[in-house]
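Fold and geometry: a report
Each chain is listed here by its residues.
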Amino acid sequence: MLSSCSADPKPSLPYAFPSGAYAVSNETAILSDSSRSWDDGGERVAPREIPIKVYSPALTNAGPFPLLFLSHGLGGNLNGQSYLAEYLASSGYVVVSVQHHRSDSDYLKAHGALAFTYAASEAETRLLRPKDMSFVLDVVSSGKTGIGLLALHRIDLLKVGVLGHSFGAFTTLACLGATFDGGTDVSDGRFLCGVAYSPQGPGTLGYDTHSWDASYRPTMTLAGTADTSIGTFFAYERRIPFDDMPATGAKYHETLNNAVHSSFGDAPADNG
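Residues numbered from 1 in each chain as written. Predicted model: local features only at pLDDT ≥ 70, side-chain atom pairs only at ≥ 80, totals over all residues. Heavy atoms only, no water.

1. A word on the environment of Thr172
Quick note on the threshold: We count a stretch as a helix when DSSP gives it H or I for four or more residues in a row; a strand needs E for two or more, and each element gets its number in order from the N terminus. Residue contacts are counted whenever heavy atoms from the two residues lie within 4.5 Å of one another.
The topology assignment puts Thr172 in helix α4 (residues 167-176). Between the C-alpha atoms of Thr172 and Ile50, which are 122 residues apart in sequence, the distance is 17 Å. When sequence neighbours within four positions are dropped, the list of residues in contact with Thr172 reads Val162, Leu163, Gly164, Gly194, Val195 and Ala196.

Below you can see the structure in the form of structure tokens.
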């Protein structure tokens, strides 16, 4: 399915993203995965620490609420796409924004643009991201995050989705069944559906023409007519994952006229 709508920003006008019926609270924490190490600028670091930020209907609203996991793009962090996380929380979802060390703003600041670009292109970085999502879901499911907004009575672990932009779109699709780097599969069946903003096509981030053969779960992809970035030189490539997924009747794609890669970001002028 392909539909179009206008996404022509109007920077001269004040922008207010809509909100739902619930007041929103948020909490942050750092989770530690003792089973994994990672390359931090040439130094092997363990355990792997994963910062998270939770957006949720305020504690006065009991739930249980569906659970969404949000993955940022390259160079982002747990505050990325806050406008979207806040809107979803105000609409009755608990949103867990996950920060991925080695492809985040912290790594860029610590090691500089050259090392950051090199790390972003490596297979280890691709593997870390979906495994971060599964680990965070493990901890959330255990009820041991230390975050009151994630108390087990407040969340519905039978209704879990995942979403993300750019490198976060890659992460989203990997969680849902997309393979990369010669068939690597780190999908997690607990993620029941997802939305991928600005995904990549074959030849980028380890994808090939068969990467979406096993992507059976309900999925929506989203892109813009001017949505290009490093590694994706033509906007039409953003639709390839949708076209190559099995036609299960639960796949959707939307193209926004005039939207660029940053139109899914946090700048008011880019949220048109």
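2. Focus on the layout of surface pockets
It is a probe the size of a water molecule, rolled over the atoms, that shows where empty space is left. Where we set the bar: Only protein atoms enter the 1 Å grid, on which a cavity is a set of points fitting a 1.4 Å probe that cannot get out and a pocket is an open set with protein on both sides within 12 Å along at least 5 of 7 lines, lining residues being those with an atom within 4 Å of a point. Grid points are joined across faces, edges and corners, and a volume is the space filled by probe spheres set on the points. Polar here means any residue outside two lists: the nonpolar Ala, Val, Leu, Ile, Met, Phe, Trp, Tyr, Cys and Pro, and the charged Asp, Glu, Lys and Arg; Gly therefore counts as polar.
What the largest pocket holds in volume is close to 640 Å³. Looking at the largest pocket, it is lined by 28 residues, and the ones nearest its centre are Leu74, Ser166, Phe167, Ile230 and His261. For the lining of the largest pocket, the element with the highest residue contribution is helix α2 (residues 105-120), accounting for 3 residues. Here the residues of the lining of the largest pocket sort into 7 nonpolar, 19 polar and 2 charged.

3. With respect to α4
Heads up, the rule is: Three labels apply to residues, based on accessible area from a 1.4 Å probe with only protein chains included: buried if under 20% of the type maximum, exposed if over 50%, partly exposed otherwise in between.
Across the 10 residues of α4, 10 count as buried, placing the element largely inside the fold. The set of residues buried in α4 consists of Phe167, Gly168, Ala169, Phe170, Thr171, Thr172, Leu173, Ala174, Cys175 and Leu176. Following α4 by one or two positions, Gly177 adopts a phi angle in the positive range, close to 130 degrees.

4. Examining the side chain of Ser105
Residue position: Ser105 is located in helix α2. Those residues in contact with Ser105 that sit more than four places away from it in its chain are Gly75, Gly76 and Asn77.

5. Regarding the packing of aromatic side chains
To keep it simple, the criterion reads: Only rings of Phe, Tyr and Trp enter the pairing, Trp through its six-membered ring, and a pair is recorded when the two centres are within 6.5 Å. The plane angle decides the type: under 30 degrees is stacked, over 60 is edge-to-face, the rest tilted. Here, a charge over a ring is recorded when the distance from Lys NZ or Arg CZ to the ring centre is within 6 Å and its angle to the ring normal is within 35 degrees.
Summed over the entire model, instances satisfying the criterion amount to 8 aromatic pairs. Measuring from ring centre to ring centre gives 5.6 Å for Phe69 and Phe191, while their planes differ by 85 degrees; the resulting arrangement is edge-to-face. Pair noted here: Phe69 is in strand β6 (residues 65-71) and Phe191 is in the loop between α4 and β9 (193-197), with a separation of 122 residues, a long-range link. Neither residue differs from the other here; Phe69 and Phe191 are each classed as buried. Relative to Trp212, the ring of Tyr207 has its centre 4.7 Å away and its plane inclined at 50 degrees; by these criteria the two rings are tilted. Taken together, the ring pairs in this structure connect Phe167, Phe170, Phe180, Tyr207 and Trp212 into an aromatic cluster. Its guanidinium or amino end placed over the ring of Trp38, Arg48 lies 5.3 Å from that ring's centre, counting from NZ or CZ. Directly above the aromatic system of Phe167 lies the positively charged group of Arg129, at a separation of 4.2 Å from the ring centroid.

6. With respect to the environment of Ala23
Here Ala23 shows up in the loop between β1 (2-6) and β2 (24-33). When the C-alpha atoms of Ala23 and Gly189 are compared, they prove to be 31 Å apart, with 166 residues separating the residues in sequence. Apart from the residues within four sequence positions on either side, Ala23 is in contact with Ser56, Pro57 and Ala58.

7. Focus on the side chain of Ser56
Note the threshold: For this analysis, a polar contact is any N or O atom pair within 3.5 Å, provided that within protein one partner can donate a hydrogen and the other can accept it, and provided that sequence-adjacent residues contribute only side-chain to side-chain pairs.
Along the chain, the position of Ser56 falls in strand β5 (residues 48-57). On the basis of relative accessibility, which here comes to 0%, the residue Ser56 falls in the buried class. Reaching out from Ser56, the side chain makes a polar contact with the side chain of Arg154 at a distance of 2.9 Å. For Ser56, the contacting residues outside a window of four places in its chain are Ala23, Val24, Ser25, Ala89, Tyr93, Val94, Leu149 and Arg154.

8. A few points about the nonpolar core
For clarity, the threshold we go by: Only buried residues count toward a nonpolar core. Its members are Ala, Val, Leu, Ile, Met, Phe, Trp, Tyr and Cys residues joined through side-chain atoms within 4.5 Å.
Counting residues in hydrophobic clusters, the biggest one holds 26 residues, and the most contacted among them are Ile52, Leu67, Phe69, Val96, Val136, Leu150 and Phe191. Among the secondary structure elements, those contributing two or more residues to this core are β2, β5, β6, β7 (94-98), α3 (123-142), β8 (155-165) and α4. The element contributing the most residues to this core is α3, with 6 residues. Tyr83, Tyr197, Leu222 and Phe264 belong to the second-largest nonpolar core, a separate cluster that totals 15 residues.

Just distances and angles here, no functional claims.
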